[in-house]
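# Results of the structural survey
Given next are the chains, with one letter for each unit.
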Amino acid sequence: MTPDQEITRRKRAVAAARGLLSMEFGLAFGAKRVRDALWRLGHDVPKSFPTFDLFLNAIPNTTPLGELRLLCQENLLLSSDEVLARVEGKYRQALLRECLSVIRAYSPIVVAA
C-alpha cells in the first residue's frame, strides 16, 4: 500500500466511524462499513477493534437487513426487529466507544508549525 493509499484508507475508516457515531447510519450497516474500512487498512487491523465483528456475528443470519427489510412480510419484519433491537442494545455502547477509538487511532496527526 502506498502512503497515499494509506491516507485515503485511514480517512475512509474515520469517516465510517464518525458516520456510525453520529447515527448517520443504522448500527448494523454502520458497523459493517467501519469493519470493511478497517479491513482495507490491513487484514489484521479489525482484530484491534473486535467489537464490530462481535456485533455483526451476534446478528442471526436470518435477520433481514437493508433493502431486504422492505420485502419482508409484516410478521417476519416485526419479529426479526425485536431480535435486532436486543443485539443492538447489547452492543450499542461498545460500538460507540470503539468508533471513538478508531477516530483517535486514524485521524490525521496535526503537526504544529
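Residues numbered from 1 in each chain as written. Predicted model: local features only at pLDDT ≥ 70, side-chain atom pairs only at ≥ 80, totals over all residues. Heavy atoms only, no water.

The next point concerns the pattern of salt bridges. Across all of its chains, the model carries six salt bridges by this definition. One salt bridge in this structure joins Lys32 and Asp36, with 2.8 Å as the shortest N-O distance. In this pair, Lys32 and Asp36 are both assigned in helix H2 (residues 27–41), four residues apart and thus about one turn of the helix distant. Across the pair Asp44 and Lys47 runs a salt bridge, and its minimum N-O distance is 3.5 Å. The same class applies to Asp44 as to Lys47, namely exposed. Each of Lys32, Arg35, Asp36 and Asp53 takes part in a single network of salt bridges with overlapping partners. (Salt bridge = Lys/Arg side-chain N within 4 Å of Asp/Glu carboxyl O. Helix = DSSP H or I, 4+ residues; strand = E, 2+ residues; numbered from the N terminus. Buried < 20%, exposed > 50% of the residue type's maximum accessible area, 1.4 Å probe, protein only.)

Let us now look at helix H4 (residues 74–106). Since there are 3.6 residues in each turn of an α-helix, residues three or four apart along the chain are aligned in direction. The end-to-end C-alpha separation of H4 is 41 Å, well short of the 48 Å expected for 33 residues at 1.5 Å each. Where H4 bends most, at Tyr91, the angle is about 50 degrees. Those residues of H4 lying buried are Ser80, Leu84, Val87, Glu88, Tyr91, Leu95, Leu96, Glu98, Cys99, Val102, Ile103 and Tyr106. Of the surrounding elements, those touching the buried residues of H4 are helix H1 (3–21), H2 and helix H3 (51–58). (Expected span 1.5 Å × (residues − 1). Bend = angle between axes of the 7 residues up to and from the residue. Contact = heavy atoms within 4.5 Å.)

Geometry of a packed helix pair, given as the angle between the helix axes and the separation of the axes. Interaxial distance between H1 and H4 falls to 9 Å at its minimum, and their mutual angle equals 150 degrees. By the angle between their directions, the pair H1 and H4 is classed as roughly antiparallel. When you trace H1 past H4, the crossing you get is left-handed. On H4, the residues that touch Arg10, Ala13, Val14, Ala17, Arg18, Leu20 and Leu21 of H1 are Leu96, Cys99, Leu100, Val102, Ile103, Ala105 and Tyr106. (Axes fitted to C-alpha atoms, helices over the stretch in contact; angles between N-to-C directions. Parallel < 35°, antiparallel > 145°, perpendicular 65-115°, else oblique. Left-handed = near helix turned anticlockwise from the far one by under 90°.)

Before going further, it helps to spend a moment on the nonpolar core. Counting residues in each nonpolar core, the largest one holds 26 residues, and the members touching the most others are Val34, Leu38, Phe52, Phe55, Val102 and Tyr106. Those elements that place two or more of their residues in this core are H1, H2, H3 and H4. Of all the elements, H4 adds the most residues to this core, at eight residues. If sequence neighbours within four positions are ignored, Val102 has contacts with Ala13, Val14, Ala17, Val34, Leu38, Phe49, Phe52 and Ser107. (Core = buried A, V, L, I, M, F, W, Y, C linked by side-chain atoms within 4.5 Å.)

Counting across every chain of the model gives three aromatic pairs. Between Phe49 and Tyr106, the ring centres sit 6.1 Å apart and the planes meet at 55 degrees, which makes this aromatic pair tilted. Residue Phe49 is found in the loop between H2 and H3, and its partner Tyr106 is found in helix H4; the two are separated by 57 residues along the sequence. Note on accessibility: Phe49 and Tyr106 belong to one class, buried. (Phe/Tyr/Trp six-rings, centres within 6.5 Å; stacked < 30°, edge-to-face > 60°.)

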